[in-house]
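Analysis of the macromolecular model
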Amino acid sequence: MEDKIPVTQPFLPPREEYESFLADIWDRNWLTNNGPLVQELEGKLMNYLGVEELSLVSNGTIALQIAMKALDLQGEIITTPFSYVATTSSIVWENYTPVFVDIDPNTFNLDPQKIEEAITPQTSAIIATHVYGNPCDIESIQAIADRHGLKVIYDAAHCFGTKYKGQSIFNFGDISTCSFHATKLFHTVEGGAIVTDNPDLRQKINLMRNFGHDGLNNFTGVGINGKNSELHAAMGLVNLRYIDSVLAQRKELSKFYDHYLKDVDVSKPSIQSHAEYNFSYYPVLFNSEEQLTKVQARLTKANIQTRRYFYPLLSDLDYVDGKNATPVANRISKQILCLPFYHELSEKTIGKICKIIKSV
Ligand SMILES: *Cc1c(COP(=O)(O)O)cnc(C)c1O
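Residues numbered from 1 in each chain as written. Predicted model: local features only at pLDDT ≥ 70, side-chain atom pairs only at ≥ 80, totals over all residues. Heavy atoms only, no water.

1. A closer look at the environment of Ser346
Using the following cut-off: Counting from the N terminus, the helices are the DSSP runs of H or I reaching at least four residues and the strands are the DSSP runs of E reaching at least two. Each residue's exposure class comes from its accessible area (1.4 Å probe, protein chains only) as a fraction of the maximum for that residue type: buried when under 20%, exposed when over 50%, partly exposed otherwise.
Its place among the elements puts Ser346 in the loop between strand 12 (336-338) and helix 10 (347-359). Take Ser346: its relative accessible area is 30%, and that puts it in the partly exposed class. Separated by 266 residues in sequence, Ser346 and Thr80 have C-alpha atoms that sit 34 Å apart.

2. As for unusual backbone geometry
Across the junction of Tyr309 and Phe310, the peptide omega takes the value 15°, indicating a cis bond. Within the secondary structure, Phe310 is located in the loop between helix 8 (289-301) and helix 9 (327-335). Of note, the amide linkage connecting Tyr311 to Pro312 takes the cis form, showing an omega dihedral of -5°. Take Pro312: it is sitting in the loop between helix 8 and helix 9. The phi dihedral of Asn95 falls on the positive side, at around 65°, and the residue is not glycine. With respect to the element layout, Asn95 can be found in the loop between helix 4 (85-93) and strand 3 (97-100). Even without being a glycine, Val189 presents a positive backbone phi close to 75°.

3. Looking at the site of the ligand
Where we set the bar: Throughout, the term near means that a residue has one or more heavy atoms lying within 4 Å of the molecule or strand in question. Any pair of N or O atoms that falls within 3.5 Å is considered a polar contact. Within protein, one atom must be able to donate a hydrogen and the other to accept it, and sequence-neighbouring residues count only if both atoms are side-chain atoms.
Close to the ligand lie 16 residues, the nearest being Gly60, Thr61, Asp155, Ser179 and Lys184. Contact between the ligand and Gly60: an oxygen atom at 2.7 Å from a main-chain N or O atom of the residue. Lys184 has a polar side-chain atom sitting 3.1 Å from an oxygen atom of the ligand. Mapped by element, the contributors of at least two residues to the shell around the ligand are helix 3 (60-70) and helix 4.

4. A closer look at helix 8
As a reminder, the rule being used: Under the convention used throughout, the expected extent of a helix is 1.5 Å for every residue step, that is, one less than its residue count. Within this analysis, the arc is defined by the directions that extend from the helix axis to the C-beta atoms. Note on definitions: a residue-residue contact is assigned when non-hydrogen atoms from the two residues lie within 4.5 Å.
Between the first and last C-alpha of helix 8 there are 18 Å, a value that for 13 residues agrees with the 18 Å anticipated at 1.5 Å per step. Within the sequence span of helix 8, burial applies to Leu292, Val295, Gln296 and Leu299. Considered in projection along helix 8, the buried side chains sweep an arc of 100° and stay on one side of the axis. For helix 8, the exposed residues lying more than 90 degrees away from the buried face are Glu290 and Lys301. Looking at the buried positions of helix 8, the neighbouring elements they touch are helix 9, strand 12 and helix 10.

5. What about the sheet that holds strand 7 (residues 167-168)?
The line we're drawing: Pairing between two strands is assigned when DSSP locates at least 2 bridges connecting them.
An order of 7-6-10 is seen for the three strands of this open sheet, with the pairing classed as antiparallel. Where the open sheet ends on each side, the last strands, each with one partner, are strand 7 and strand 10 (275-276). Two elements, strand 6 (residues 163-164) and strand 7, share two bridges in a ladder whose sense is antiparallel. In the strand pairing of strand 7, Tyr164 is matched with Gln167.

6. Description of the state of the cysteines
Covalent bonding between the sulfur atoms of two cysteines defines a disulfide. Going by this rule: To count as a disulfide, a pair of cysteine sulfur atoms needs to be within 2.5 Å.
Applying the stated criterion across every chain, the model contains zero disulfides. For Cys338, which is in no disulfide, the shortest distance to another cysteine sulfur is to Cys354 and amounts to 14 Å. Overall, Cys338 belongs to the buried group, its relative accessible area being 3%. Assessed through its relative accessible area of 1%, Cys354 is described here as buried.

7. Topic: the pattern of salt bridges
Inclusion rule: A pairing counts as a salt bridge when a side-chain nitrogen of Lys or Arg comes within 4 Å of a carboxyl oxygen of Asp or Glu.
Scanning the entire structure with this criterion turns up 15 salt bridges. For Glu94, the salt bridge identified is with Lys69, shortest N-O distance 2.6 Å. Taken together, the residues span a long stretch of sequence, with Glu94 in the loop between helix 4 and strand 3 and Lys69 in helix 3 at a distance of 25 residues. Because the salt bridges share partners, they merge into one network encompassing Glu42, Glu53, Arg202 and Arg209.

8. Overview of the nonpolar core
Quick reminder of the rule: The set of buried Ala, Val, Leu, Ile, Met, Phe, Trp, Tyr and Cys residues whose side-chain atoms join them within 4.5 Å is what this entry labels a nonpolar core.
Within the largest apolar cluster, 52 residues are counted, with the highest numbers of intra-cluster contacts made by Leu45, Ile115, Phe160 and Phe170. Counting only elements with at least two residues in this core, the list comes to helix 1 (15-28), helix 2 (36-49), strand 1 (53-57), strand 4 (123-129), helix 5 (138-148), strand 5 (151-155), strand 9 (192-196) and helix 7 (230-260). At nine residues, helix 7 tops the list of elements feeding residues into this core. In this view, Leu45 contacts Gly50, Leu54, Phe160, Phe180, Phe186 and Leu240; residues no more than four positions away in its chain are not counted. In this structure, Ile103, Ile304, Ile332 and Cys338 belong to the second largest nonpolar core, which totals 40 residues.

Shown next, in the form of structure tokens:
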């Protein structure tokens, strides 16, 4: 039996490095509630990424929920059907109505040309995902938002390390959210972040993530529990030491895939110009769903795991409206397959995967 090749695998740093943080945590006996390691990680992330204000939270989904509340959104939110379920479920969970707009066939991101026809008097915001870490058409989206007085939130869960015009992609929109889940490129096991350049907004976010606690016996506004712990922050602090090598390694692996797939009839999303891409996934677009399922079946037989990501389309969820309203996204979600992609993957394995794809 050949070894199983997973579609993704969390990065794990040397265990001793993580353990050295545990001694201090035990000494302090301070496990959560905005502890010193949480604060240290926030500082290091702001510095590493070059962003103004960053709040660590317990995951990328609560990051989205807090972002919507912090911006006082109302009514309808324009969003993409081609993303992970949390982008839509968080909107519905907070009692807003998602309005789905189609995606660009080349970048797979929200198509700005289709946003304006979806705006109504009830629209309060645009929530767009930088799909696979590839920046949206930021300028066009911002121009539309400015024209109509809308807020912009970017679900930047895939974007750690991505830059646009020389700066972190998290610096665009009113708020960017990120996920630090174990399967993401940078992780704290579970975790996430809310990024803004507005210090007042960050203060509001920090109150919201901590029940609205303003001192011990005073509460300012309705809050939730979105805090993260010292143990999670310690994982982030160790992983941050390796992030540059993780990013460089993924770029190399991506080149191997490009090389071995060069005469195979599949395409990839086109990366936005002026972007420095983080290579967070390796998605390939087949010409038909039939071709995709054939390839996937052959890979599965060889114990190679792949993932139809994103499939199904979020507008097909049974708790939303908008089915069949986005033909481009509909087609792409049926033809897209993410291939195995993680730090420990070898060139040899990539060669083997591509040989099977070619043979089909
Ligand atoms: C992972 C992910 C999320 C959710 O993040 P969690 O930390 O798992 O809650 C949201 N949006 C996108 C696009 C994601 O990939």
